Structure formats: C-alpha cells, structure tokens
Amino acid sequence: MVRKHFGTDGIRGQANSVITPELAMKVAQATGVLFQRGDHRHRAVIGKDTRLSSYMIEYAMVAGFASVGMDSLLLGPMPTPAVAMLTHSMRADVGVMISASHNSFEDNGIKLFGPDGFKLSDEVEAKIETMLDKDFALKLSKPADLGRAMRVEGDRARYIEFAKRTLVRNLSLEGLRIVVDCANGAAYKVAPEALWELGAEVFSIGVEPDGFNINRGVGSTTPLALVKKVREMRADIGIALDGDADRVLIVDEMGKIVDGDQLMAVIAESWKEDGRLSQPGVVATVMSNLGLERYLQGIGLSLARTAVGDRYVLEHMRQHGYNLGGEQSGHIILADYCTTGDGLVAALQLLAVVKRQSKPVSQVCHRFEPSPQVLKSVRVSAGKPLEDANVARAIESGRQKLGSSGRLVIRASGTEPVIRVMGEGDNLDLVERIVDEVCDAVATFSRAA
C-alpha cells in the first residue's frame, strides 16, 4: 500500500495546508474507532509542542475523538516521551503528540502511540490510512455517548519524577553548572525543573516560546547559541533538546559539540561495567560513524545497524532484546525506561557518568575519534536513479575502492525528492572523491530523466 499520509514518524507537513483541522479530526475519528476495544470508557492522551498551530490541531482532534465516543485528556506542552509514558501510565487507549519535532513553526505533525506507549506499527498506521476517506456516519456516537475533554493536572510533575527515577537513588547533580537549551519547545518547563530538582545550577535558553520561535536559532539542530552560552557562563555542560525533546546533543565545557554516537558509546560502556546491558551490543542506524563501531568492538560490544529512523532502531531492539540504541542525530532509546527516544533521560544518564567519574565532560564524552564522514544530497526530479546501471556501477566502484576501511551508504530520502550519499573511511580525500563520483552519476541520471 502507498502511504498517503504517514511517513517514517507519523504525519507531518505544513500547518493548515497539509495538516488541516479536517485531517486532524479524521485521524482522531479513525484512531478512536480502531482503538475502542471492550466496554470501558475509552480515553486518548493528547500532548503538544509550542507551535501556534498546535491549538488548532489539538481542538480538532478533541472533536474527532469526542464524536466517536472517546474522552480526551489534554496535557498541554509536553515532550514526546512524556506523552508515551503517560499514555501507558494513565491506562489510556491511545496517545497523541502534536509536533513536527525539529522543523520550523510553519510545520506540524501528529504522532500516535498505542496503549503500551509504543509508536504504532506500519500495519496499524495502514489501517488508519484506509479509514481516513471513509464515511464515519455509521460510527458516530449517540448524543449521550459523546466523549468528554479535560485538562490534566500534575502531568508535568509526574514526568519530572519519572525522569529523576531513572537515576540511582540519592544521586545529586550538585556542583554542576548546566546550560539547557529547550528549543522554545515542548520541554521548556520540565527540563530546567528536573535538573534544578536534582541539585544542579541551571541556566536556561530557548524557554520563551511564543508560537513562532520553536527551533529558531536554538535547539539540537542549531546548537551555536548553546555553545556561546556555555562559554559565557563557564558551564560544565550544555544540553540541547529539539522541539519535542525526543533527541539531545551535548556541548562540553570547551564548547565542543558531542553527537549521539559519542553519547551511545558513553552509556554503553557505563552500562556494560554495571552489567545493565541486556545484549552485548548497541543498535544504531547506517548513518552512525564507523568510529563508534570500532570503539564498541574494542570493548567487546557489537553494533547492529538499521535503516534511518528511530522507529527502525526501536523495532530491532524489541525483536532482538537490546535495551540501548539510537541515532547520530541524538535520538537515544533507553528501553529499560522509555518506549521512544527521550532527550532528558539520555542526558541524565550521561550526567550520572560525569558525576561518578568526576572528570570534565570533554574527557567523558570523547570515547573515539570519528572517521572522516562526507554526506551530500542530490535532488532528483523523476525516475529511480538507484536502479540505473551507471549509478550502480559508480556505487560498486566506490565500495571496492573503500574496501574494509570504509563504508558507502546511498539512500532515497523519506521526506523530500533527494538521494543522500554518505561515505566514510580513514582517507578523507578518497572518501570525498568517491562521494562526488556517485553524486555525479545520480545527477547525470536525473538530468537525462
């Protein structure tokens, strides 16, 4: 089945153009019908980030759920992982996060969670797709059976307490100067409060959302503001979340950016020493650096690779029993605690290592020297370049030149009409030359098509 609405992470697009009130209401109706199982009073938990359009989508979804007899519990601005946790904790039938993650305010999206707190499977999303264009007249509730809507009190405190309890009892962050960048997004209240309650001296940026400034010049995708603030405050560490706080990047005391690969290496070694790894390895995507793979091998751990997307990482983790995985971009999945990536919880795990080792963050987080990595994108207008013989020859030639000392990953983007070409290896000049050759082959095909 061709997916018309759902992508690799729910539904996403420009607000009031792709993501309209009508679509949001239909998604709620279809999801509400699909998840009404049994005779109990059915409930949906709805969270959102700070975009102006989130109000519009929230109320449209409340109307959709109510029309099919499902109650709505409204959380207000909350991180995606908090919505996942509270969906399960509050015994709701479905969870909704209204967010376009790291995109600018013009976009928005809808992420759906099942009663177990996990994102819906491709199969369930496909069922919702088929229902979106159907007539719901026969499914609408009678006037006496309409759903209700209510604001939830204390949800922020519940999530903060959950995050704190992922640490060992009595661990204190006292003595640490922390700058936290909340991207003017969903975690603008919970992240600073959690760090302060743990005893840290907290300096916050990106905590003044106005509906328009989410991810604008702040957050994990644009961490330069955090780098500047860490240096200005002479902080020990900077923590950058994205708009819905399911990913995190770190800035050390020197102002150097630390990506998700280094974070996974830190947590993996710590958990291995504590006997906490459920499998002797980590799950990451094809985009994670070769340096991470070599480092893990050096400490007796493996690296399993999946397609790009945190849902594919989590799927592999669940199928094969791993409890640690993530992406270079900062999605870190700690399956002992979370059913999705959680930027705050991942940062707390790192801070626990920093406290235990009593070393600067620059030393704790520099576990390996990344292999030179080159990533380029080629826009394509038509056709299937990866099936072209000339492109295939360029790819095979590049892989032979790299041999066992490097990797070449070519994939079609899931969100825009481009082919992404990533090469890495020990020889940067060789990697750049190979990536350029493959990009030229793809561009030649695109011009001919």
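Bear in mind the structure is a predicted one, so any value in this text is a computation, not a measurement.

According to the stated counting rule, one finds 28 salt bridges in the structure shown. Two residues, E273 and R356, come together in a salt bridge whose shortest N-O distance is 4.0 Å. Here E273 is found in helix α8 (residues 260–273), whereas its partner R356 is found in helix α11 (residues 343–357), with 83 residues between them in sequence. For R356, a relative accessible area of 44% corresponds to the partly exposed category. Each of the salt bridges in this network shares a partner with another, and the network as a whole consists of D9, R12, K111, K119, D244, D246 and D310.

The sites that UniProt annotates as "binding site: Mg(2+)" (unreviewed entry) are S101, D242, D244 and D246. Across 146 residues of sequence, these annotated residues stay compact in space, with a maximum C-alpha separation of 8.1 Å. Note that D242 resides in the loop between β10 (237–241) and β11 (248–252). Ignoring anything within four residues of it in the chain, the contact list for D242 reads S101, H102, C182, A183, N215, S220 and R247. Note on placement: D244 falls in the loop between β10 and β11.

Once that is clear, we can look at unusual backbone geometry. Notably, R91 is not glycine yet its phi reads approximately 55°, a positive angle. Mapped onto the elements of the fold, R91 is located in the loop between α3 (80–89) and β5 (94–98). Residue R91 is classed as exposed on the basis of its relative accessible area, which comes to 72%. A positive phi angle, near 70°, is found at N170, a position not held by glycine. Along the chain, the position of N170 falls in the loop between α5 (155–164) and β8 (177–181). A residue is classified by how much of its surface remains accessible, and N170, at 75% relative accessible area, is exposed.

What follows covers the domain arrangement of the chain. Each assigned domain of the chain is listed with its residue range as follows: domain 1 (11–152), domain 2 (158–365) and domain 3 (373–448). The gap between the C-alpha centroids of domain 1 and domain 2 is 28 Å. Each partner contributes to the interface: domain 1 provides 32 residues, whereas domain 2 provides 29 residues. Interface area for domain 1 against domain 2, summed over the two sides, is near 2,400 Å², with a carbon-plus-sulfur share of 60%. The three residues of domain 1 that bury the most area against domain 2 are T50, H102 and F118, which together make up 25% of that side's buried surface. Summed over the shared surface of domain 1 and domain 2, the result is 5 salt bridges. The closest approach of N and O atoms between R311 and D122, which form a salt bridge, is 2.8 Å. In this assembly, domain 1 and domain 2 are joined by 17 residue pairs in polar contact (both at pLDDT 80 or more).

Take the sheet that holds strand β17 (residues 373–379) next. In space, the 3 strands of this open sheet follow the order β17-β19-β18, with antiparallel pairing throughout. If you trace the sheet from one side to the other, it starts and ends with β17 and β18 (406–412), each paired once. Direction aside, neighbouring strands of the sheet carry axes that sit 10° apart on average. Pairing geometry for β17 and strand β19 (residues 418–425), over 7 bridges, is antiparallel. Counterpart to K376 in the pairing with β19 is V421.

Taken together, 7 strands build an open sheet; the order of strands is β1-β2-β6-β5-β3-β4-β7 and the sheet is mixed. Bordering the open sheet on either side are β1 (6–7) and β7 (149–151), each of which pairs with just one other strand. Those strands touched by helix α2 (residues 53–67) are β3 (43–48), β4 (71–77), β5, β6 (107–113) and β7, and its axis lies near 175° from that of β3.

This part takes up the packing of aromatic side chains. Tallied over the entire structure, the rule returns 4 aromatic pairs. On the numbers, 6.3 Å between centres and 80° between planes, the contact of W271 with Y337 is edge-to-face. Of this pair, W271 sits in helix α8 while Y337 sits in the loop between β16 (332–334) and α11, and the two are 66 residues apart along the sequence. Residue W271 is classed as buried on the basis of its relative accessible area, which comes to 1%.

Attention now moves to the side chain of D49. Take D49: it is sitting in the loop between β3 and α2. Side chain to side chain, D49 and R51 meet in a polar contact 2.6 Å long. A polar side-chain atom of D49 sits 2.8 Å from a polar atom in the side chain of S99. Among residues more than four places away in sequence, those in contact with D49 are S54, M97, I98, S99, A100, S101, A186, I214 and G243.

Let us look at the pairing of β8. The buried fraction of β8 is high, at 4 of 5 residues. Bridge count between β8 and strand β9 (residues 201–205): 5 bridges; the pairing is parallel. When the sheet's bridge partners are listed, V179 is paired in β9 with F203. Between the parallel elements β8 and β9, the chain passes through helix α6 (residues 190–197) in a crossover that is right-handed. One ladder, built from 4 bridges, connects β8 with β10; its direction is parallel. Bridging across to β10, V180 finds its partner in I239.

The rules behind these values
Each chain carries its own residue numbering, running from 1 in the written order of its sequence. Selection of residues for local features in this predicted model requires a pLDDT of at least 70, selection of side-chain atom pairs for listing and counting requires 80 or more, and totals for whole chains, interfaces and linings are taken over all residues. Excluding hydrogens and water, the side-chain values take into account all heavy atoms of the structure. Salt bridge criterion: a side-chain nitrogen from Lys or Arg within 4 Å of a carboxyl oxygen from Asp or Glu. Each helix is a run of DSSP H or I of at least 4 residues and each strand a run of E of at least 2, with the numbering of both proceeding from the N terminus. Relative accessible area decides the class of each residue, using a 1.4 Å probe on protein chains only: under 20% of the type maximum gives buried, over 50% gives exposed, and in between gives partly exposed. UniProt positions are given in the numbering used here, feature names are shortened, and annotations may be inferred rather than shown by experiment. Note on contacts: a residue pair is in contact if any heavy atoms of the two residues lie within 4.5 Å. Throughout, the edges of the domains are those of an automatic or database domain assignment. Accessible area that two parts lose when put together, evaluated with a 1.4 Å probe and summed over both, is termed the buried area. Any N or O atom pair separated by 3.5 Å or less is treated as a polar contact, with the protein-specific requirement of one donor-capable and one acceptor-capable atom, and with residues adjacent in sequence counted only for side-chain atom pairs. Strands qualify as paired when DSSP identifies two bridges or more between them. To get an axis, fit a line to the C-alpha atoms, keeping to the stretch in contact for a helix; angles then go from 0 to 180 degrees between the N-to-C directions. Any Phe, Tyr or Trp ring, taking Trp's six-membered ring, that has another such ring centre within 6.5 Å forms a pair; planes under 30 degrees apart are called stacked, those over 60 apart edge-to-face, and the others tilted. By the criterion used throughout, a crossover qualifies as right-handed when its path from the first strand across the helix to the second strand runs clockwise, the strands pointing away from the viewer.

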